[in-house]
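Letter by letter, the chains look like this.
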Amino acid sequence: MRAPSSDLPLVLDDVSLQAGSTTILKRLSLTITAGAPTLIVGPNGAGKTSLLRLCMGLSAPTTGRVSWGGRTDTTLARRAMLFQRPVMLRRTAAGNVGYALAQAGSPRKARAERIAALLDRVGLSELAQRPARRLSGGEQQRLALARALARDPELLLLDEPTANLDPAATRSVEAIVLAAAQSGIKIVMASHDLGQLRRLAGDVIFLIHGALCERGRTADFLDRPTTPEAAAFVRGDLVI
Amino acid sequence: MSDQLGAWQLILTGDANLFAIVRLSLAVSLSAVALAAIAGLPLGALLALTRFPGRSVLVVLLNALMGLPPVVVGLAVYLLLSRSGPLGELGILFTPTAMVIAQTVLIVPIIAALTRQTVEDLWVEYRDELSAMDVGPAGRMITLLWDARFSLLTALLAGFGRAAAEVGAVMIVGGNIDGFTRTMTTAISLETSKGNLPLAMGLGLVLVAIVLAINAAAWGTRVWSDRQAN
């Protein structure tokens with residue numbers, strides 16, 4: 001595998017992101033350390049996806065600084081990201097996982113075994129030889145999870161992985177995410193689903209209009225939100 | 001009427017002269033496609049994935065070169081290979097090798113331009129995933145070329161169709177020498193002017209059949225790939 005350097009803690013230091021004259025993220029300072037899953041919640045357009053892309057190093061902040069384990073270069077040490085609409089490579093399910101393993105530097109000899117183990121972990125063993133693009137939405141999401149896990153990440157960023165899934169598919173994706181969290185992978189996941197927040201989160205980052213509105217343990221956030229926006233969100237009111 | 005009958009007779013009896021010409025044509029055009037693929041696929045992918053000043057000019061130029069007139073290519077290669085030309089010492093003018101070179105030059109822009117478009121479109125789709133998987137520049141090129149393989153096969157077939165059907169370039173650099181550099185297209189042109197219509201028509205029929213087969217293959221590949229991975 002790669003150099004044993006760590007991607008944690010992930011530190012955002014007074015980070016802003018602008019696209020033209022539009023401010024997408026406003027002066028965010030966050031530290032993300034190992035532990036229970038962190039959920040980024042907020043209404044659509046709050047900047048959740050942009051924040052995750054910054055955390056992955058796919059885009060650079062306009063001002064401020066992002067660092068991983070103290071390093072500011074964007075080299076991907078041990079982090080992986082799952083996009084809201086993952087793109088399946090034009091290969092079989094097993095081929096997709098094998099590709100991710102090869103990119104992560106997994107030795108060729110052990111690859112077949114690891115492909116089988118990863119597909120088993122996401123419950124897709126039966127579909128190993130199916131072209132990935134012919135899988136259902138939920139299966140594609142799970143395959144993308146297997147691809148992300150193939151990187152042996154210590155930090156896994158997920159962008160609303162269950163946004164387009166039915167309850168059964170959502171349940172199986174959440175089960176995989178929880179199992180990953182229990183195996184010691186730090187989960188940072190965007191969501192706008194209160195139920196998911198209850199089921200998964202250890203702590204919450206609540207964004208409104210690109211600014212950090214509230215941050216804290218899930219139980220506190222749900223029971224005693226301190227800002228009117230958070231209170232409205234927790235009540236289930238429409239927060240705009 | 002008797003000319004048509006003669007043409008079918010030549011084909012059905014497996015006329016040696018006719019099929020020698022067909023064989024040479026296929027050998028030259030297939031070699032040109034192979035060489036043009038080796039040059040054009042990486043060139044197109046490179047152009048799709050890199051950004052540098054003057055890139056747009058190069059893209060427009062490459063697209064324009066798709067419509068390069070074969071006689072102009074023939075003339076340029078002729079000047080290059082003629083006795084007094086820079087590569088005259090090789091002594092390959094009026095040989096099948098010269099014809100392969102000319103056709104390669106003719107279709108590299110076609111393959112490169114189509115590859116550029118295909119790979120660039122696929123890159124838009126793949127960029128985030130490949131970046132998140134930490135795929136380097138060389139890996140991106142290989143991945144995109146491989147994942148676009150069915151579309152690129154169509155690009156190669158387009159190149160082959162162009163090479164097999166052109167007459168100007170092979171006429172100039174090959175010289176249409178009987179039994180040595182005579183291809184289907186140059187033979188048709190010559191035999192027609194000589195009035196030997198059965199041979200010209202026979203070759204014409206074979207050429208049309210090959211072009212038809214190529215297009216059917218391109219279409220079949222599309223349908224098949226749609227049903228497969230995509």
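None of the values given here were measured: they were computed from a predicted structure.

Asker: Please explain the overall build of chain B as it appears in this structure.
Answerer: If you tally the helices and strands in chain B, you get 10 helices and 0 strands. Counted from the first residue to the last, chain B has its helices and strands arranged as α-α-α-α-α-α-α-α-α-α. In terms of its C-alpha atoms, chain B occupies a principal-axis envelope of roughly 65 × 50 × 25 Å. Burial status across chain B gives 39% buried among its 230 residues.

Asker: Help me out: how do you make sense of the sheet that holds strand S2 (residues 22-32) of chain A in this one?
Answerer: Pairing between sheet strands relies on hydrogen bonds along the backbone, with the strands arranged either parallel or antiparallel. All names here are of chain A. A sheet is described by the order of its strands in space; here 3 strands give the open sequence S2-S1-S4, paired in antiparallel fashion. Every interior strand has two partners, whereas the edge strands, S2 and strand S4 (63-68), have only one. On average, each strand axis in the sheet is inclined to that of its neighbour by 20 degrees, with strand direction left out of account. By the bridge criterion, 7 bridges tie strand S1 (residues 10-19) to S2 in an arrangement that is antiparallel. In the strand pairing of S2, Leu17 is matched with Leu25. Docked against the sheet, helix H1 (residues 48-56) engages S1, S2 and S4, running at close to 125 degrees with respect to S1.

Asker: How should unusual backbone geometry be read in this particular structure?
Answerer: Leave glycine aside and you will find that most residues have negative phi; peptide bonds, for their part, are mostly trans. Residues and elements named next belong to chain A. In this structure, Pro9 follows Leu8 across a cis peptide bond, with omega equal to 0 degrees. With respect to the element layout, Pro9 can be found in the segment before S1. Positive phi, close to 40 degrees, is recorded for Arg27, a residue that is not glycine. Relative to the helices and strands, Arg27 resides in strand S2. The exposure class assigned to Arg27 is partly exposed, which follows from the 14 C-beta atoms found within 10 Å. One non-glycine residue, His209, lies in the positive phi region at around 50 degrees. Of the residues examined, His209 has 16 C-beta atoms within 10 Å and is grouped as partly exposed.

Asker: Explain the environment of Leu212 of chain B here, please?
Answerer: Along the chain, Leu212 of chain B turns up in helix H10 (residues 197-227). Separated by 43 residues in the primary sequence, Leu212 of chain B and Ala169 of chain B place their C-alpha atoms 22 Å from one another.

Asker: Explain the pairing of strand S7 (residues 186-191) of chain A to me, please; I cannot follow it from the model alone.
Answerer: Residue and element names in this part refer to chain A. Among the 6 residues that make up S7, 6 are buried, leaving the element largely enclosed by the rest of the structure. Burial along S7 is two-sided: Lys186, Val188 and Ala190 and Ile187, Met189 and Ser191, pointing in opposite directions, are all buried. Here strand S3 (residues 38-41) runs beside S7; their pairing, made up of 4 bridges, is parallel. Across the sheet, the residue bridging to Ile40 is Ala190, located in S7. Where strand S6 (residues 155-159) lies against S7, 5 bridges are found, and the strand directions are parallel. Paired with Leu156 across the two strands is Ile187, which belongs to S7. For the crossover from S6 across helix H5 (residues 167-182) to S7, the handedness is right-handed.

Asker: Teacher, can you tell me more about the domain arrangement of chain A here?
Answerer: Think of interface size as the accessible area that goes away when the parts come together; that is how it is often given. Examined at the domain level, chain A breaks down into domain 1 (1-79) and domain 2 (87-152). Put simply, the middle of domain 1 of chain A and the middle of domain 2 of chain A, counted by C-alpha atoms, are 26 Å apart.

Asker: Before we go on, may I ask you to explain the interface of chain B and chain A in this structure?
Answerer: Contacts between chain B and chain A engage 13 residues on the former and 15 residues on the latter. Counting residues per element, the side of chain B that touches chain A draws most heavily on helix H5 (residues 96-132) of chain B, at 6 residues. When the residues that make up the side of chain B that touches chain A are grouped by side-chain class, the tally is 5 nonpolar, 3 polar and 5 charged.

Cut-offs applied
- Residues numbered from 1 in each chain as written.
- Chains lettered and ligands numbered in written order.
- Predicted model: local features only at pLDDT ≥ 70, side-chain atom pairs only at ≥ 80, totals over all residues.
- Helix = DSSP H or I, 4+ residues; strand = E, 2+ residues; numbered from the N terminus.
- Buried ≥ 20, exposed ≤ 12 C-beta atoms within 10 Å, placed from the backbone.
- Pairing = 2+ DSSP bridges.
- Axes fitted to C-alpha atoms, helices over the stretch in contact; angles between N-to-C directions.
- Contact = placed C-beta atoms within 7 Å.
- Right-handed = clockwise from strand over helix to strand, strands pointing away.
- Domains from an automatic or database assignment.
- Nonpolar A, V, L, I, M, F, W, Y, C, P; charged D, E, K, R; others polar.

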